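# Reading the structure
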Amino acid sequence: MAKEKEKEVTVTDLPGVGVATADKLSAAGYDDLLSIAVSSIGQLTDAAGVSEAVARKMIQSARENLNMGFQTGIEVLKKRDLVQKFSTGCPTFDQMMGGGFETGAIVECFGQYGSGKTQIGHLMAVSIQKMDPEAVAVYIDTESTFRPERIAQFARGLEIDPEKALNNIKVAKAYNSDHQMILAEKVEDLIKDGNKVRLVIVDSLTAHFRAEFIGRGTLAERQQKINKHMRTLAQIADKYNICIYVTNQVMAKPDSFFGDPTEAIGGNIVGHNSTFRIYLRRGKKNSRVAKLIDSPNLPDSECAFNITETCLEDI
Ligand code: GTP
Ligand code: MG
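Residues numbered from 1 in each chain as written. Chains lettered and ligands numbered in written order. Predicted model: local features only at pLDDT ≥ 70, side-chain atom pairs only at ≥ 80, totals over all residues. Heavy atoms only, no water.

## Examining the site of ligand 1
In plain terms, the rule: Neighbouring residues are identified by heavy atoms, a residue being near a molecule or strand if any of them is within 4 Å of it. For this analysis, a polar contact is any N or O atom pair within 3.5 Å, provided that within protein one partner can donate a hydrogen and the other can accept it, and provided that sequence-adjacent residues contribute only side-chain to side-chain pairs. Note on areas: Shrake-Rupley, 1.4 Å probe, and residue coverage restricted to the protein chains presented here. Strands are runs of DSSP state E lasting at least 2 residues, helices are runs of H or I lasting at least 4, and numbering of each runs from the N terminus.
Contacts to ligand 1 come from 16 residues, most closely from Gly114, Lys117, Thr118, Gln119 and Arg288. Within the backbone of Gly114, an N or O atom sits 2.8 Å from an oxygen atom of ligand 1. Protein contact buries 68% of the 670 Å² of open area that ligand 1 shows by itself. At the level of secondary structure, the elements contributing two or more residues to the shell around ligand 1 comprise helix H7 (117-131) and helix H8 (148-157). Counting residues per element, the shell around ligand 1 draws most heavily on H7, which supplies three residues.

Below is the structure:
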């Protein structure tokens, strides 16, 4: 985290890229060296209206200036040592997660309405402060379901001063998907302003996208935007060792005869960008069942718990 590069080459430093071209590139989603390095000449001429020769030079230069990011296994291991875990407060849930939610990772929770995705977001916004008293949680609220009262209740459960807990949570309402994407990009500004951001919650990740991009013809564009949004989140997770918690709804699977008749919105794009995927559903007697279904280093498993006023409790 500390060893920022001395002078980072940006898109405007590439040959042939002035402010106007940079703006056009950025509008088309080419706002970092990597996106340019992996694009084709045709894509860049289309996006920025530059000549083929200029596009070729831009790509070449982006590739040369890009730290392609090879690290030794030892370096990766050292980075893994920085990973911290913070508790759900529920022993079986923690056990399923290998000790709690991880920093430096994206945790996706998907499930039907009322399954508890938002409750977990609120709880973890407080729990991160138990792990680190100075930690700041960012809550990007897309459905106006952030409730300070719930934060205060979970804070009491964790024996943290509710007012202090609320002070260390920065909430922003996202009014549409573009706004949501911009807010994710602004997290870096909060960090540069001195906030010790350790958790970013996006609740819900997919609702705006789902509402705005309706019909088959818009699916590709929707997926592209969700992908870009998640790439932004993954970058801040990695760069600043932050946990990203995103919630996601499910929809009916039209062609299912066996097993669960629902699937997560956003499909592969969201799944592939998430480090941990948790499927949440209601169980017997108003309990909840969480199932870890995709983790790089943990077995798939399940746990059951109750949501109470102040915590998640084992059954
Ligand atoms: P959507 O956002 O609609 O997709 O649902 P969600 O998965 O975010 O559901 P949410 O986390 O909002 O869960 C709502 C449920 O949590 C309620 O139906 C209650 O069962 C439970 N819950 C919420 N607040 C409390 C509380 O103060 N005490 C208890 N015991 N349960 C609560
Ligand atoms: Mg919710």
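Past the structure itself, the notes keep going.
## Digging into the layout of surface pockets
Here is the rule: Detection works on a 1 Å grid of protein atoms alone, calling trapped sets that fit a 1.4 Å probe cavities and calling open sets with protein on both sides within 12 Å along at least five of seven lines pockets, with lining residues defined by an atom within 4 Å of a point. Grid points are joined across faces, edges and corners, and a volume is the space filled by probe spheres set on the points. Basically, the charged four are Asp, Glu, Lys and Arg, the nonpolar ten are Ala, Val, Leu, Ile, Met, Phe, Trp, Tyr, Cys and Pro, and anything else, Gly included, counts as polar. A domain assignment, automatic or from a database, supplies the domain bounds used here.
In this structure, the second largest pocket spans a volume of roughly 650 Å³. Considering the residues around the second largest pocket, the lining is formed by 21 residues, among which Ala28, Gly29, Tyr30, Gln224 and Lys228 are closest to the centre. Elements represented by at least two residues in the lining of the second largest pocket include exactly helix H1 (19-27), helix H2 (33-37), helix H10 (177-192) and helix H12 (219-240). For the lining of the second largest pocket, the class distribution of residues is seven nonpolar, seven polar and seven charged. Two domains each donate at least three residues to the lining of the second largest pocket, and these are domain 1 (2-65) and domain 2 (80-314).

## Examining the state of the cysteines
Rules: The disulfide definition used here is simple: a pair of cysteine sulfur atoms within 2.5 Å. Only protein chains enter the area calculation, which uses a 1.4 Å probe; residues under 20% of their type maximum are buried, those over 50% are exposed, and those in between are partly exposed.
Going through the model one piece at a time under the given rule, you end up with zero disulfides. With no disulfide of its own, Cys90 lies closest to Cys303 among cysteine sulfurs, the gap being 5.7 Å. No disulfide involves Cys243; its nearest neighbouring cysteine sulfur is the one of Cys109, lying 12 Å away. Residue Cys243 is classed as buried on the basis of its relative accessible area of 0%.

## Topic: the side chain of His122
Definition in use: For this analysis, residues touch if any pair of their heavy atoms sits within 4.5 Å.
Locating His122 in the fold gives a position in helix H7. What His122 contacts, discounting residues up to four positions off in sequence, is Tyr139, Thr145, Phe146, Arg147, Arg150, Ile151 and Phe154.

## Regarding the pairing of strand S10 (residues 276-282)
So the rule is basically this: Pairing between strands is defined by DSSP: at least two bridges between the two strands are required.
In terms of burial, S10 is a largely internal element, five of the seven residues being buried. Here five bridges tie strand S3 (residues 106-111) to S10, and the two strands are oriented parallel to one another. Counted as the bridge partner of Gly111 is Leu280 from S10. Where S10 and strand S11 (residues 288-294) come together, six bridges link them in antiparallel fashion. Along S11, the bridge assignment pairs Arg277 with Asp294. Hairpin geometry of S10 and S11 is characterised by an intervening segment of five residues between the two adjacent antiparallel strands and by a positive phi of about 50 degrees at Lys285.

## What to know about the environment of Ala135
Structurally, Ala135 is set in the loop between H7 and strand S4 (136-141). A relative accessible area of 0% means that Ala135 is categorised as buried. If sequence neighbours within four positions are ignored, Ala135 has contacts with Ile128, Gln129, Asn168, Lys196 and Arg198.

## Things to note about the domain arrangement of the protein chain
Spelled out, the test is: Note: buried area is the sum, over both parts, of the accessible area (probe 1.4 Å) each one loses when the two are combined. When a carboxyl oxygen of Asp or Glu lies within 4 Å of a side-chain nitrogen of Lys or Arg, that pair is called a salt bridge.
Along its sequence, the protein chain is carved into domain 1 (2-65) and domain 2 (80-314). When each unit is reduced to the centre of its C-alpha atoms, the spacing between domain 1 and domain 2 is 32 Å. At the interface, five residues of domain 1 touch five residues of domain 2. Between domain 1 and domain 2 the total buried area reaches about 350 Å² when both faces are included, carbon and sulfur atoms providing 30% of it. Joining domain 1 to domain 2, the criterion identifies one salt bridge. As a salt-bridge pair, Lys228 and Asp31 come within 3.5 Å of each other at their nearest N and O atoms. Counting the contacts that link domain 1 with domain 2 gives zero residue pairs in polar contact (both at pLDDT 80 or more). Counted by class, the side of domain 1 that touches domain 2 contains no nonpolar, two polar and three charged residues.

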